[in-house]
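Summary of the model geometry
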Amino acid sequence: MKVILSGNEALARGVYESGVSVAAAYPGTPSTEILETIASQYPEIYAEWSPNEKVAFEVGMGCSFAGGRALVAMKHVGVNVAADPMFTLSYTGIKGGFVLISADDPGMHSSQNEQDNRYYAKFAKVPLLEPSDSQEAKDFLIQAFQISETFDTPVMLRITTRIAHSKSIVELGEKLKLDPPSGFIRDCKKYVMIPAYARQRHKLLEERLEKLLEYSEESPFQKMEMRDEEIGVITSGISYQYTREVLPNASTLKLGMTYPLPDKLIKKFANQVKKLYIVEELEPYLEEYVREMGLAAKWIDQKLGELSSDLVAEFFHKENVKGVIPLNKTNRIDMPLPARPPVMCPGCPHRSVFYTLKKKKLTVTGDIGCYTLSVLPPLEIMDTCVCMGASIGSAMGVEKATKRSDNLVAVIGDSTFVHSGITGLIDMVYNKSKGTVIILDNETTAMTGRQDHPGTGVTLMGEETKRLNFIDLAKALGIEYVRTIDPYNLKELETVIDEAVNLDKLAVLVTNQPCILLRRVSKPKTAEIDQDLCIGCHLCLRLGCPAMSSMPEKQDAKDRQKVQIDPMLCSGCMICASICRSGAITEASGK
Ligand SMILES: Cc1ncc(C[n+]2csc(CCOP(=O)(O)OP(=O)(O)O)c2C)c(N)n1
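Attention here is on the structure that accompanies the text. Model, not experiment: these values are computed from the prediction. Per-chain numbering applies: the sequence of each chain, read as written, is numbered from 1 onward. Since the coordinates come from a predicted model, pLDDT governs what is reported: local features require at least 70, and pairs of side-chain atoms require 80 or more to be given and counted, while whole-chain, interface and lining totals use all residues. The side-chain values count all of the structure's non-hydrogen atoms but skip hydrogen atoms and water molecules.

If you walk across this open sheet you meet the five strands as 15-16-17-19-18, and the pairing is parallel. Each edge of the sheet is formed by a strand with only one pairing partner; in this case those strands are strand 15 (363–365) and strand 18 (481–485). When strand polarity is set aside, the average angle formed by the axes of neighbouring strands in this sheet is 25°. Two strands pair if DSSP finds at least two bridges between them. Secondary structure counts use DSSP, requiring at least four H or I residues in a row for a helix and at least two E residues in a row for a strand, with both numbered from the N terminus. Pairing analysis gives five bridges linking strand 17 (residues 435–440) to strand 19 (residues 506–511), with the strands arranged parallel. Across the sheet, I439 pairs through a bridge with V510, a residue of strand 19. What makes two residues a contact is simply this: any of their non-hydrogen atoms within 4.5 Å. A fitted line through C-alpha atoms serves as each axis, taken over the contacting stretch for helices, and the angle formed by two N-to-C directions is quoted from 0 to 180°. Sheet strands touched by helix 15 (residues 390–402): strand 15, strand 16 (408–413) and strand 17. Its angle to strand 16, the strand with the most contacts, is close to 170°. The sheet strands contacting helix 16 (residues 414–430) are strand 16, strand 17 and strand 19, and the helix crosses strand 16 at an angle near 145°.

With that out of the way, let us pick up the site of the ligand. As a matter of local geometry, the ligand sits amid 26 residues, with E53, H350, D414, T416 and A446 nearest to it. H350 places a polar side-chain atom, nitrogen or oxygen, 2.7 Å from an oxygen atom of the ligand. Here a polar contact is recorded for every N or O atom pair within 3.5 Å, except that within protein the pair must consist of a potential hydrogen donor and a potential acceptor, and residues adjacent in sequence are included only if both atoms are side-chain atoms. Taking T416, its side chain carries an N or O atom lying 2.5 Å from an oxygen atom of the ligand. Note on areas: Shrake-Rupley, 1.4 Å probe, and residue coverage restricted to the protein chains presented here. For the ligand, the accessible surface in isolation is 590 Å², of which the surrounding protein chains cover 98%. With respect to the detected pockets, the ligand is housed in the largest pocket. Examining the composition of the shell around the ligand, we find that four residues originate from one element, helix 16, more than from any other. Here the shell around the ligand is composed, by residue class, of 10 nonpolar, 13 polar and three charged. We call a residue near a given molecule or strand whenever any one of its heavy atoms falls within 4 Å of it. Here a cavity denotes a set of grid points, spaced 1 Å apart and computed over the protein atoms alone, in which a 1.4 Å probe fits but from which it cannot get out, and a pocket denotes an open set meeting protein on both sides within 12 Å along at least five of seven lines; residues with an atom within 4 Å of a point are reported as lining. For this analysis, a molecule is said to be in a pocket or cavity if more than half of its atoms are within 2 Å of the grid points defining it. Polar here means any residue other than Ala, Val, Leu, Ile, Met, Phe, Trp, Tyr, Cys and Pro, which are nonpolar, and Asp, Glu, Lys and Arg, which are charged; Gly is therefore polar.

On to the pattern of salt bridges. Between Lys or Arg on one side and Asp or Glu on the other, a salt bridge is scored when a side-chain nitrogen of the former is within 4 Å of a carboxyl oxygen of the latter. Inspection of every chain in the model, using the stated rule, returns 27 salt bridges. The residue D152 makes a salt bridge to R201 at a minimum N-O spacing of 3.3 Å. Here R201 lies in helix 9 (residues 195–218) and D152 lies in the loop between helix 6 (134–151) and strand 7 (155–160), a separation of 49 residues in the sequence. The classification of residues rests on relative accessible area computed with a 1.4 Å probe and restricted to protein chains. Under 20% of the type maximum is buried, over 50% is exposed, and intermediate values are partly exposed. Residue class for D152 comes out partly exposed when judged on its relative accessible area of 23%. Note on R201: relative accessible area 10%, which makes it buried. Residues R227 and E225 are paired through a salt bridge, measuring 2.7 Å at the closest nitrogen-oxygen approach. A cluster of three or more residues bridged by salt bridges with shared partners is formed by D104, D116, R118, E130, R158 and E280.

Attention shifts here to helix 18 (residues 490–501). Here helix 18 is 12 residues long and its end C-alpha atoms lie 16 Å apart, about the 16 Å a rise of 1.5 Å per residue gives. Buried within helix 18 we find L490, L493, V496, I497, A500 and V501. For helix 18, the angular spread of the buried residues around the axis is 135°, confining them to a single face. In helix 18, the exposed positions that point more than 90 degrees away from the buried face belong to K491 and T495. Where the residues of helix 18 are buried, they touch helix 14 (350–359), strand 16, strand 17, strand 18, strand 19 and helix 20 (575–579). To estimate the expected span of a helix, count its residues, drop one, and scale the result by 1.5 Å. Taking the helix axis as origin, the arc is that swept by the directions to the C-beta atoms.

Attention shifts here to the environment of M548. Looking at the secondary structure, you find M548 in strand 21 (residues 548–555). Beyond its immediate stretch of four places on either side in the chain, M548 contacts I529, C540, L541, V563, Q564, I565, C576 and I585.

Okay, helix 9 next. In this model helix 9 runs 35 Å from its N-terminal to its C-terminal C-alpha over 24 residues, within 8% of the 34 Å that 1.5 Å per residue would give. Turning to helix 9, its buried residues are A198, R201, L205, R208, L209, L212, S216 and E217. On the buried face of helix 9, the contacting elements are helix 4 (76–92), helix 6, helix 8 (188–191), strand 9 (222–225), strand 12 (257–259) and helix 11 (263–272).

Honestly, it's all geometry; don't read function into it.
In structure tokens, the structure reads:
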């Protein structure tokens, strides 16, 4: 049967057809739907949201050691977190097939950087596959498990946002009938990496690479497609699609396996074309290799941002290459669209916390989540954001350097706190740091689409489970000042934040209102503005609530524009009412 699937859905199907026992991940765009699809469509596979990518990797590793096939998935930066076990799993090798999906995000549609994870495969010496569409995503994944078991190695499969989220036709196959996992069989020289054993495994790893290189030369993943011999393009992944679209007559060497790279095949291809080009996205990964081989090739220099058919066409136009398909103007929208910067939702419980921090003129070391939007106008109050979990360590560093904590808070979401904030907090306790940590507990991982985590009490497979209690955890760490705060109660928020920052010891505050999107179904009330009372001071607009706007057409005697509330958007959090000086905002009657 043929169906239309996104790359991520196709990968989930590939996981099913491969007979995987355990699938583990931490959410992160553009990888999130892989595990969501597995959990919703293939419930016979054990699937989990792990607290972070390192744990996900280790869970998969354990499954593999016990003889089961394991899949772990993460966004590109997640591989940084999982890199420690990854580099040594490459030494131990595996038992059941082990595949890591790295979902890279060229163009940073939803990421803090656009690192090119192909280098990770080379660095950790694990084979790397790069599909170019949904069908290949599924097929390559199935093959990846076979390579993993044949060569006793973890395998990395790299996709990018375009592959993950675009849809194409996929032929479904049967689920592989595998024996149940054998169970863990003791083999210390393989699985216990003390230096004496690791040295032996390193040698085996180098020998394995030689064999993988031979495989890469002959592998069906590498497709030499000879067309017009004037131009030859070496490419991989989504860049292959752009090349085919723009230069349909050019010969291509489409590399499906990009580590180890096939020298002989590359040379053979180079010898058959007059001019050699390399089309790849982000870093010059293929180019460096081809140049090292002593071949002259021109590279499309695209280190910044995402590649596209347009950019590839532009490049070949400049190169005066014949037969470039002109840019398709009809696909372009020339109409100026209104800018829609990302904003916190109306009623978002994070908003009032940042409004208060701004009012108090505090320095805010921040973290990654919906709340990072507080860096944008009108709130503009987040001062740092580097990677998940960094807010707490950064605040501590500032405090140790300046010996002041009364002007400083660290702000971190609940999912991020579990991911990598806990150890930072332990450091604050251990090394006697003073300061205030605010955990924004909205009971979900909102930014990536509301996934559960250890603090929500529900698993990915929809089962109820023990719920991590942040208050109890902070107390157990030995923190004396621990408070729950209601972010919809501005007065309380201000009093407690004031008290905490002036305490001269470590304080942990935990907000207690869920993400507004978890509550959206019932809408008990909305706010409304009495236009006679509104004085157009625009204090309420400083909240940056998308439900509120000024009305250029309604001005008072002093030319001040009054404010309106869109009842369709308003969620009735009433934060605006608590800051309105003229008492103009009240609960709408009759709702
Ligand atoms: C290492 C890493 N993994 C995953 C992500 C994707 N990501 C960004 S923020 C975030 C969690 C957000 O949840 P939370 O901290 O609860 O804040 P919320 O969005 O709910 O306000 C995730 C999963 C990332 N940026 N980096």
